[in-house]
Amino acid sequence: MPQTTGDPESLSSSNERTELSIVLPIRGVRENLSVNLGALRNFLNEEQSDDLTLYLFPEKDDGLSYLRLANSVFSLVVQLNRPQADVVVQRRPTQTSAVAPQTSLHGSGENGSSHQSASMNNDWHLVGAHGYDFGDSSHDFYDKYDTVAVGGTFDRLHAGHRLLLTAAAWAAKSTLRVGITADVLLQKKQYKNLIASFEDRSAGAVAYAKRVKPSISNVIVTNLTDPSGPTAYDPTIAALVVSKETVDGARKINVVRSASGLDPMAFIVVDVLDTTGVKLSSSALREKDAKRWSTINRAEDDGRPLN
């Protein structure tokens, strides 16, 4: 367990959730810039609480691609089989003070003893911005667009959802439009009866976006009854956050916009997470819940204790 600075009893609490922060060590320059996620790995392996929000921020960010950092973080979260862990990647220096958890955990940097171990060496991940841009020669997009849109089902809010919401919140200067898939479009989903309500999915997505960027002034939720939603007709939407798997559909929306005389949206494309074979989807998480609840019900019917 990483050493804490401060009294562990003095952890901040908000809505009965505990808040902690981890400072991520950074080494190297340009294309060799790397972050060490060993402290995050150790913490998630030892701390299994579902009532914890973990804020991460790099000790320095000169030459850093924040989106590359976020991708590395959420990939590790999935690899550790903690896909729904409430992990928030913070930027520095403008936002760390907005969170200010009272207790922080520090990973080991260049001079830390754990850096000498093979396991810690394996936790260095490339996060340099060199060669990592978004089509306009810019590797960063913080506060770049007045209005940014992102969409999804956002059921069982998991690491993939958090990556999309993180990118969208960072990019939005004043307004974030979050499209939540309407119930009518979810009828063919696996375990549809276990899908959270529109209200709950909306609340979870909005709350997370605001944890990512507390300064964001306006978050608008849209009930998506078709895949395009307001992105096809709203002239104020300047950018859309998509995954590599959905960018082709986003390009078709821009064709529709152009035909209507609207400016095309910029795309912020996030990489697919490196899950090392671990299946990440809301459907898979619903299936897991269904099997767990079925086991509980059978045990209760049989009068057997649960192990």
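What counts and how
- Residues numbered from 1 in each chain as written.
- Predicted model: local features only at pLDDT ≥ 70, side-chain atom pairs only at ≥ 80, totals over all residues.
- Heavy atoms only, no water.
- pLDDT = per-residue confidence, 0-100.
- Contact = heavy atoms within 4.5 Å.
- Pairing = 2+ DSSP bridges.
- Helix = DSSP H or I, 4+ residues; strand = E, 2+ residues; numbered from the N terminus.
- Axes fitted to C-alpha atoms, helices over the stretch in contact; angles between N-to-C directions.
- Salt bridge = Lys/Arg side-chain N within 4 Å of Asp/Glu carboxyl O.
- Buried < 20%, exposed > 50% of the residue type's maximum accessible area, 1.4 Å probe, protein only.
- Polar contact = N/O pair within 3.5 Å; in protein donor to acceptor, adjacent residues only side chain to side chain.
- Core = buried A, V, L, I, M, F, W, Y, C linked by side-chain atoms within 4.5 Å.
- Domains from an automatic or database assignment.
- Parallel < 35°, antiparallel > 145°, perpendicular 65-115°, else oblique.
- Left-handed = near helix turned anticlockwise from the far one by under 90°.
- Nonpolar A, V, L, I, M, F, W, Y, C, P; charged D, E, K, R; others polar.
- Expected span 1.5 Å × (residues − 1).
- Phe/Tyr/Trp six-rings, centres within 6.5 Å; stacked < 30°, edge-to-face > 60°.
- Lys NZ or Arg CZ within 6 Å of the ring centre and 35° of its normal.

The chain carries the name Phosphopantetheine adenylyltransferase in an unreviewed UniProt entry, which gives Gracilariopsis chorda as its organism.

A.B. asks: Honestly, the confidence of the model for the chain in this entry has me stumped. Any pointers?
C.D. replies: Chain-level pLDDT for the chain is 80 on average; 77% of the residues reach the 70-or-more range. The model gives residues 95–103 a pLDDT under 50, and that stretch makes 27 contacts with residues more than four places away or in other chains. Within the model, the stretch residues 109–119 combines pLDDT values under 50 with 13 contacts to residues more than four positions away or in other chains.

A.B. asks: Can you walk me through the sheet that holds strand β10 (residues 145–152) in this structure?
C.D. replies: Backbone-to-backbone hydrogen bonds pair the strands of a sheet. The strands run either parallel or antiparallel. As summarised here, the arrangement of the five strands in space is β12-β11-β10-β13-β14, forming an open sheet in which the pairing is parallel. Lying at the two open borders of the sheet, with one neighbouring strand each, are β12 (218–224) and β14 (266–270). Strand-to-strand twist across the sheet, computed as the mean angle between neighbouring axes with direction ignored, equals 25°. Set on the sheet, helix α7 (residues 247–259) makes contact with β13 (239–243) and β14; between it and β14 the angle comes to about 175°.

A.B. asks: Would you mind showing me how to read the pattern of salt bridges here?
C.D. replies: If charged atoms from side chains of opposite charge come close, those side chains can pair. For the coordinates displayed, the defined rule picks out 10 salt bridges. For Asp-123, the salt bridge is made with Arg-41, and the minimal N-O distance between the two is 2.8 Å. Within this pair, whereas Asp-123 is found in the loop between α4 (118–121) and β9 (124–126), its partner Arg-41 is found in helix α1 (residues 38–46), the two being separated by 82 residues in sequence. The class for Asp-123 is buried, based on a relative accessible area of 3%.

A.B. asks: Any chance you could explain the sheet that holds β9 here in plain terms?
C.D. replies: Read across the sheet, three strands follow the order β4-β5-β9 without closing on themselves; strand pairing throughout is antiparallel. The two strands at the open ends of the sheet, each matched to only one other strand, are β4 (26–27) and β9. Pairing of β4 with strand β5 (residues 34–36), which is carried by two bridges, proceeds in the antiparallel orientation. By the bridge assignment, Ile-26 is partnered in β5 with Val-35.

A.B. asks: Sorry, what's going on with the environment of Ile-237 here?
C.D. replies: Mapped onto the elements of the fold, Ile-237 is located in the loop between β12 and β13. The contact partners of Ile-237, leaving out residues within four places of it in the chain, are Thr-147, Ala-149, Arg-177, Pro-230, Thr-231, Arg-257 and Met-265.

A.B. asks: Help me understand the environment of Glu-59 in this model?
C.D. replies: Position of Glu-59 relative to the elements: it lies in the loop between β6 (52–58) and α2 (66–79). Placed 36 residues apart in sequence, Glu-59 and Val-23 show a C-alpha to C-alpha distance of 5.8 Å. The residues contacting Glu-59, other than those within four sequence positions of it, are Val-23, Leu-24, Pro-25, Ile-26 and Arg-92. Among the polar contacts made by the side chain of Glu-59, one reaches the main-chain amide nitrogen of Ile-26 at a distance of 2.9 Å.

A.B. asks: Help me understand the nonpolar core, please; the structure alone is not making it clear to me.
C.D. replies: Side chains that are nonpolar tend, in soluble globular proteins, to be buried together. Judged by nonpolar contacts, the single largest core of 63 residues is most densely connected at Leu-69, Val-73, Phe-74, Leu-176, Val-178 and Val-241. Mapped onto the domain boundaries, this core takes at least three residues apiece from domain 1 (21–44 + 53–75) and domain 2 (131–285). Formed by 10 residues, the second largest nonpolar core is a distinct cluster that contains Ile-237, Leu-240, Val-247 and Ala-250.

A.B. asks: Would you take a moment to explain the packing of α2 against helix α5 (residues 159–171) for this structure?
C.D. replies: Geometry of a packed helix pair, given as the angle between the helix axes and the separation of the axes. Two elements in contact, α2 and α5, have axes whose closest approach is 9 Å; the angle formed by their N-to-C orientations is 160°. It follows from the interaxial angle that α2 and α5 lie roughly antiparallel. The crossing of α2 and α5 is right-handed. On the side of α2, the interface is formed by Tyr-66, Leu-67, Ala-70, Asn-71, Phe-74 and Val-78, while α5 contributes Ala-159, Arg-162, Leu-163, Thr-166, Ala-167 and Trp-170. The class makeup of the residues in the contact of α2 with α5 is nine nonpolar, two polar and one charged.

A.B. asks: Can you walk me through α5 in this structure?
C.D. replies: Along an α-helix, a turn takes 3.6 residues, which lines up residues three or four apart on a common side. Helix length check: α5 (13 residues) gives 18 Å between terminal C-alpha atoms against 18 Å at 1.5 Å per residue, within 8%. Counting buried residues in α5 gives 13 out of 13 residues, a clear majority hidden from the surface.

A.B. asks: How should I be thinking about the packing of aromatic side chains in this particular structure?
C.D. replies: A complete count under the given rule lists one aromatic pair for this structure. Pairing Tyr-66 with Trp-170 gives two aromatic rings, centres 5.6 Å apart and planes at 70°, and the pair type is edge-to-face. One end of the pair, Tyr-66, is in helix α2; the other, Trp-170, is in helix α5, with 104 residues separating them in the sequence. A relative accessible area of 3% means that Tyr-66 is categorised as buried. The ring centre of Tyr-142 lies 4.6 Å from the NZ or CZ of Lys-213, which sits over that ring.

A.B. asks: Just checking my understanding: could you explain α2 for this structure?
C.D. replies: The terminal C-alpha atoms of α2, which comprises 14 residues, lie 20 Å apart, in line with the 20 Å expected from a rise of 1.5 Å per residue. Across the 14 residues that make up α2, a large majority, 12, are buried. Restricting attention to buried positions, one finds in α2 the residues Tyr-66, Leu-67, Leu-69, Ala-70, Asn-71, Ser-72, Val-73, Phe-74, Ser-75, Leu-76, Val-77 and Val-78. Where α2 ends, the next residue or the one after it, Asn-81, has phi of about 60°, a positive value.

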